[in-house]
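# Working through the structure, step by step
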Number of protein chains: 2
Amino acid sequence: MKIQWFSWLITGALIFPGLNAQQASDSLFIRRIFDEALVNGHAYKKLEELCKGYGSRLSGSDQAERAVFWAGNMLRSYGFDTVMLQPCMVPRWQRGGTELLKVSSPLLNKRLRQFNDTAGWACEALEERYRKQASWYTLPACALGGSVGSNGIISGRMCVVNSQTELQTLGKAGKLKGCLVLFNEPFDETKISTFSAYGGCVYQRVNGASMAARYGALAVLVRSMSNSCDLHPHTGVMHYVDSLPKIPAMAVATSVANTLAAVANDRDLVLTMHLDCQTLPDRQSHNAIAEQRGAIFPQRYIAFGGHFDSWDQGEGAHDDGAGCMHAFEALRLLKALGYTPRHTLRCVFWMNEENGARGAAAYADHAAVAGEFHVAAIESDRGGFTPRGFSIDAEDARIDSIKTWAPLLAPYGIHLFEKGGAGVDVAPLKHGPSSINRGMLQMGLIPDSQRYFDYHHAETDVFESVNRRELHLGAATLAAMIYLLDQSLDRD
Amino acid sequence: MKIQWFSWLITGALIFPGLNAQQASDSLFIRRIFDEALVNGHAYKKLEELCKGYGSRLSGSDQAERAVFWAGNMLRSYGFDTVMLQPCMVPRWQRGGTELLKVSSPLLNKRLRQFNDTAGWACEALEERYRKQASWYTLPACALGGSVGSNGIISGRMCVVNSQTELQTLGKAGKLKGCLVLFNEPFDETKISTFSAYGGCVYQRVNGASMAARYGALAVLVRSMSNSCDLHPHTGVMHYVDSLPKIPAMAVATSVANTLAAVANDRDLVLTMHLDCQTLPDRQSHNAIAEQRGAIFPQRYIAFGGHFDSWDQGEGAHDDGAGCMHAFEALRLLKALGYTPRHTLRCVFWMNEENGARGAAAYADHAAVAGEFHVAAIESDRGGFTPRGFSIDAEDARIDSIKTWAPLLAPYGIHLFEKGGAGVDVAPLKHGPSSINRGMLQMGLIPDSQRYFDYHHAETDVFESVNRRELHLGAATLAAMIYLLDQSLDRD
């Protein structure tokens, strides 16, 4: 492996931008992968079946279980060497039937009466909706995943915090006591990758409830994790610190957060919240796995996949039906082209990435126990948009070696080869307690990120938000990388 | 200019991937451009005003004229050094009130009765719509721009041609006589750039009517120029050969083309067409222009823009409201950052690109007469999607020089610097009859192309199909390139 990579590095440098003989042959095969994906791709159609036939797939829900069995049957219908459902226990949080957030604010009433569209660049979608309504407004909001219920109606004044510093300042001054705290730090729009902006804000959603409970807050509202200014609340996982009171947590749409922040100094503003979400006992679920056996190293695995569960808003189309269909389609493409892999290729639909990653843990545990030696794993969990490249969890020399493949993928618009994490579902394989897969290569597919957080964990993440060609290009890109890894790994 | 470019080329090669001192300074300014665009961008809001306030802008229509005056006022409101409306005469084709295409086919009836969703990968959207309807079906279709009316109802059998060869074979055998000919060559889905696929098919739309009239056809239907399989007809310009009979031409949705082709051997199939479109006398319209005067070379221009007219389907959001807003926003960004340009920067909204390019001709003529020396021109007419790079109409050495700027733009996902045409609106400046601008540099902004032909010239090309961040990234990319050109050109 290292020898070939080094020789590519050297010859690549000498004859760039041309291709050497091996690369010329690889280039032809990669062209066939893309042709098959773009002309006969199955991923889009299967994503439609999944999204429209089963909808969202919250871990532990009946819908998720029905969908897992669809996945097993779907994979079996393609005649892969092995298809199996790998059991794992998953948590079972339920939203419940009552989910209400209301506001009463004289200042908001006044503002809505004065509303006009010339105000400038702020997004006033919410105000437009409500300008002629009565004085109690029901706000677009939804419980965060894992929240406790409100145990009746919670009512109180609102405190807005725009940063962690502000939270601490207000909290230490006792000003958050008895409040419903609105976490309102927006995405940093200057980040070119929207995932960087998400990374900078998501503490509010994950840890906000306990951070505010420490200072005596009654409940928290969290500005939706989105670049878009609209009326869709975006849910997502949250965690409690066991030593602190567990208070309920809701996501509010970004437009709601803007509007509430604009009337934050209304002393007469009252919020009321009513939630009856709850956590039931764990339930058995499954990872779905399909394999094509390796001809030379059948006991060495290249795994690739996405997560099959989703939040209960929308249909989990981009997050992460797309990643699962990328993986399934990559395996199908290589099979359809008559490719005999050197290593065993394994497509995995991991269960429960969103609120527990129990499927990933079960997969890694099983690999450790069964001695399944993984040479590489690739995760796709950033949506079904035009693919741009890969993040690579490996030492620099290996990344440099992979970069020598850039000319092979450039014709397809692939240009990013970045050092970085691969994903939540493959990480336990390499970074978990077992040592068998410590040295493995891990990668994540990077699609264009601009639209991702318009849909992420919201009712807008539906099949219609996925473009056929973008999805199929992603699957072909994944298949091409699997092919290159399969051909180059274990060459020494 | 050449000296600096060469020095960049050399030092760039020596210290790559670092930046030299000039590039480090450029890098900081480009970061400011992107920050301003992403945080305070005006393009998206102004595109909304244009699309929702005025809608489509077919050349010569009242809507287009009202929108041009909006554009002038909008540009004036920003306090640019000069804002002007440059007159040009434009053609005035009108769709008319009657636009009908119907089919009667016993085979289609049978097929619809048998329709079920398990048929596989073909797109059956049309069949799903009609399966329970009566035997005469009204098909989603619209006149091509420039088509004559049908002068009453045209009725006849259908002939399907899937290639130019097939057209000639059938035509020479006399089999197209008295037919309504369906041109049904689909996009080549294996092309990664959808514009390549478009280029391979668009002859059907532009020349199909005369190609079929040569063989005695009564009318033509043209498969929509789209990657998407759906029910939206895509219009677009068509031309007649004067020496041949002028027969009417309609676009049919891709799903319609698939369905009609599937029942092509039904001897009892009858199509009827009724169109009353017409061409009225030319009308005066305008290009809208805004300038920031150059401090060092006020008589040398860097022009950039998109076309302001659109087809009468949808709202001309991606085609080409987005390109106009890219250009306006680029000028605004540089002004907002307090940048003093060396050359005069000119934002142009060209009129009538779609069916005549009269605005471009008027602009080039005026430049020739007035001695407006252009050092560069950049066109944006490929939609408001995530920007990927530039096509460059220049000699190879100059393209290589521009490529040395790649490290400056890579952080923003810009990676394509390709030799290629710039666009219909800037071409007459360089390639037209006047020689004053023969040596100029021309470029075209290249956004991601995967979704473009889902919207192009169809009712789906509305404001909602544009993503705010994608649009603003495009504007910032254009502004960054204008800045780099302004700084580097005329250095010798």
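Small disclaimer: the values here were computed from a predicted structure and weren't measured.

## A closer look at the overall build of chain A
If you tally the helices and strands in chain A, you get 17 helices and 17 strands. Taking 23 Å as the expected radius of gyration for a compact globule of 492 residues, we find that chain A reaches 24 Å, a close match to that expectation. Each of the three principal axes of chain A carries a C-alpha extent, and together these read 75 × 50 × 40 Å. When burial is assessed residue by residue, chain A has 54% of its 492 residues classed as buried. A separation threshold of at least 6 residues defines the contact pool for chain A, and within that pool the share at least 24 residues apart is 84%.

## Focus on the interface of chain B and chain A
Counting from both sides, the interface comprises 22 residues of chain B and, opposite them, 23 residues of chain A. Of the residues forming the side of chain B that touches chain A, the biggest block, four residues, is contributed by helix α2 (residues 21-40) of chain B. Tallied by class, the residues present in the side of chain B that touches chain A amount to eight nonpolar, seven polar and seven charged.

## Remarks on the domain arrangement of chain A
All names here are of chain A. Here chain A is partitioned into domain 1 (2-92 + 281-488) and domain 2 (99-276). Summarising the inter-unit geometry, the C-alpha centres of domain 1 and domain 2 are found 36 Å apart. Counting from both sides, the interface comprises 15 residues of domain 1 and, opposite them, 17 residues of domain 2. Within the side of domain 1 that touches domain 2, the residues separate by chemical class into four nonpolar, seven polar and four charged.

## Focus on the sheet that holds strand β13 (residues 343-350) of chain B
All names here are of chain B. Within the open sheet, the eight strands sit side by side as β1-β11-β13-β12-β14-β17-β15-β16. Their pairing is mixed. Edge positions in the open sheet fall to β1 (82-94) and β16 (416-419), since each of these has one partner strand only. Between one strand axis and the next, the sheet turns by 20 degrees as a mean value, whatever way the strands run. Pairing geometry for strand β14 (residues 373-379) and strand β17 (residues 441-447), over four bridges, is parallel. Residue A376 lies in a different strand from β17, and its bridge partner there is L441. Docked against the sheet, helix α4 (residues 62-76) engages β1, β11 (278-292) and β13, running at close to 5 degrees with respect to β11.

## Focus on the sheet that holds strand β6 (residues 158-161) of chain B
All names here are of chain B. If you walk across this open sheet you meet the five strands as β4-β9-β8-β7-β6, and the pairing is mixed. Strands with a single pairing partner mark the edges of an open sheet, and in this sheet they are β4 (141-143) and β6. This sheet shows a mean twist of 25 degrees between the axes of neighbouring strands, independent of strand direction. Note: strand β8 (residues 219-223) against strand β9 (residues 249-252), four bridges, orientation parallel. Along β9, the bridge assignment pairs V222 with A251. Here helix α9 (residues 203-213) sits on the sheet in contact with β7 (180-183), β8 and β9, set at roughly 155 degrees to β8. Where helix α10 (residues 254-262) meets the sheet, its contacts fall on β4, β6, β7, β8 and β9, and the angle it forms with β6 comes to roughly 110 degrees.

## Focus on the environment of D381 of chain B
Residues and elements named next belong to chain B. Tracing the backbone through its elements, the reader meets D381 in the loop between β14 and β15 (387-393). Placed 295 residues apart in sequence, D381 and Q86 show a C-alpha to C-alpha distance of 20 Å. Not counting residues within four places of it along the chain, the set of residues in contact with D381 comprises G306, H307, D320, G323, E353, G423 and D425.

## Comments concerning the relation of the copies chain B and chain A
With an RMSD of 0.0 Å, the operation that places chain B on chain A is a rotation of 180 degrees combined with a shift of 0.0 Å along the axis. Here the copies are linked by what is in effect a two-fold axis. Residues of chain B ranked by C-alpha distance from the rotation axis are headed by H415 of chain B, positioned 3.7 Å from it. Counting the interface residues of chain B, we find that 100% of their copies in chain A are interface residues as well, pointing to one common contact surface.

## So, the packing of helix α2 (residues 21-40) of chain A against helix α17 (residues 468-488) of chain A
Residues and elements named next belong to chain A. Between α2 and α17, the least distance of the axes is 9 Å, while the angle of their chain directions is 150 degrees. Taken as axis vectors, α2 and α17 run roughly antiparallel relative to one another. By crossing handedness, the relation of α2 to α17 is classed as right-handed. Listed contacts from α17 to D26, F29, I30, I33, F34, A37 and L38 of α2 are R469, H472, A475, A476, A479, A480, Y483, L484 and Q487. Residues that form the contact of α2 with α17 fall into these classes: twelve nonpolar, two polar and two charged.

## Some remarks on the packing of helix α3 (residues 43-54) of chain A against helix α4 (residues 62-76) of chain A
Residues and elements named next belong to chain A. Taken N-terminus to C-terminus, the directions of α3 and α4 make an angle of 155 degrees; their axes are 10 Å apart at the nearest point. Taken together, the axes of α3 and α4 are roughly antiparallel relative to one another. Crossing hand, α3 versus α4: right-handed. Where α3 approaches α4, its residues K46, L50, G53 and Y54 are matched on the opposing element by Q63, R66, A67, W70 and M74.

## A closer look at the confidence of the model for chain A
Detail in the predicted coordinates should be disregarded across regions flagged by low pLDDT. All names here are of chain A. Taken over all residues, the pLDDT of chain A has a mean of 92, while the share at 70 or more is 92%. Low confidence marks residues 1-16, where pLDDT is under 50. Its contacts with residues over four positions away, or in another chain, come to 19 contacts. Taken together, the stretch residues 117-121 has pLDDT below 50 and engages in two contacts with residues farther than four places along the chain or on a different chain. Interface confidence for the predicted complex, given as ipTM, is 0.92, next to a pTM of 0.93.

## Section: unusual backbone geometry
All names here are of chain A. Cis geometry is adopted by the peptide bond preceding D320, which originates at D319 and carries an omega value of 0 degrees. Not every positive phi belongs to a glycine, and N352 is a case in point at roughly 70 degrees. Residue position: N352 is located in the loop between β13 (343-350) and α12 (358-370). The backbone of H457 sits at a positive phi, close to 65 degrees, despite the residue not being glycine.

## A look at the environment of R111 of chain B
Residue and element names in this part refer to chain B. By secondary structure assignment, the location of R111 is in helix α5 (residues 106-114). For R111, a count of 18 C-beta atoms within 10 Å puts it in the partly exposed group. In the structure, R111 is positioned 23 residues away from C88 in sequence and 52 Å away in space, judged by C-alpha atoms.

## Considerations on the environment of T340 of chain B
All names here are of chain B. As for its position among the elements, T340 is in the loop between α11 (317-336) and β13. Assessed through the 12 C-beta atoms surrounding it within 10 Å, T340 is described here as exposed. Sequence-wise, T340 and A295 are 45 residues apart; in three dimensions their C-alpha atoms are separated by 6.7 Å.

## Thoughts on α2 of chain A
Taking 1.5 Å per residue, 20 residues should reach 28 Å; α2 of chain A reaches 29 Å between its end C-alpha atoms and fits that length. Those residues of α2 of chain A not exposed but buried are Q23, I30, I33, F34, E36, A37 and L38 of chain A.

## A word on the pairing of strand β2 (residues 99-104) of chain B
Residues and elements named next belong to chain B. Taken together, the six bridges between β2 and strand β10 (residues 270-275) define a ladder with antiparallel strand orientation. Across the sheet, residue E99 finds its bridge partner in β10, namely L275. Here β2 pairs with strand β3 (residues 136-138) via three bridges, running antiparallel. Within the sheet, the bridge partner assigned to S104 lies in β3 and is W136.

Cut-off values and rules
- Residues numbered from 1 in each chain as written.
- Chains lettered and ligands numbered in written order.
- Predicted model: local features only at pLDDT ≥ 70, side-chain atom pairs only at ≥ 80, totals over all residues.
- Helix = DSSP H or I, 4+ residues; strand = E, 2+ residues; numbered from the N terminus.
- Rg over C-alpha atoms; globule rule 2.2 N^0.38 Å.
- Buried ≥ 20, exposed ≤ 12 C-beta atoms within 10 Å, placed from the backbone.
- Contact = placed C-beta atoms within 7 Å.
- Nonpolar A, V, L, I, M, F, W, Y, C, P; charged D, E, K, R; others polar.
- Domains from an automatic or database assignment.
- Pairing = 2+ DSSP bridges.
- Axes fitted to C-alpha atoms, helices over the stretch in contact; angles between N-to-C directions.
- Least-squares fit on C-alpha atoms with pLDDT ≥ 70 in both.
- Parallel < 35°, antiparallel > 145°, perpendicular 65-115°, else oblique.
- Left-handed = near helix turned anticlockwise from the far one by under 90°.
- pLDDT = per-residue confidence, 0-100.
- Expected span 1.5 Å × (residues − 1).

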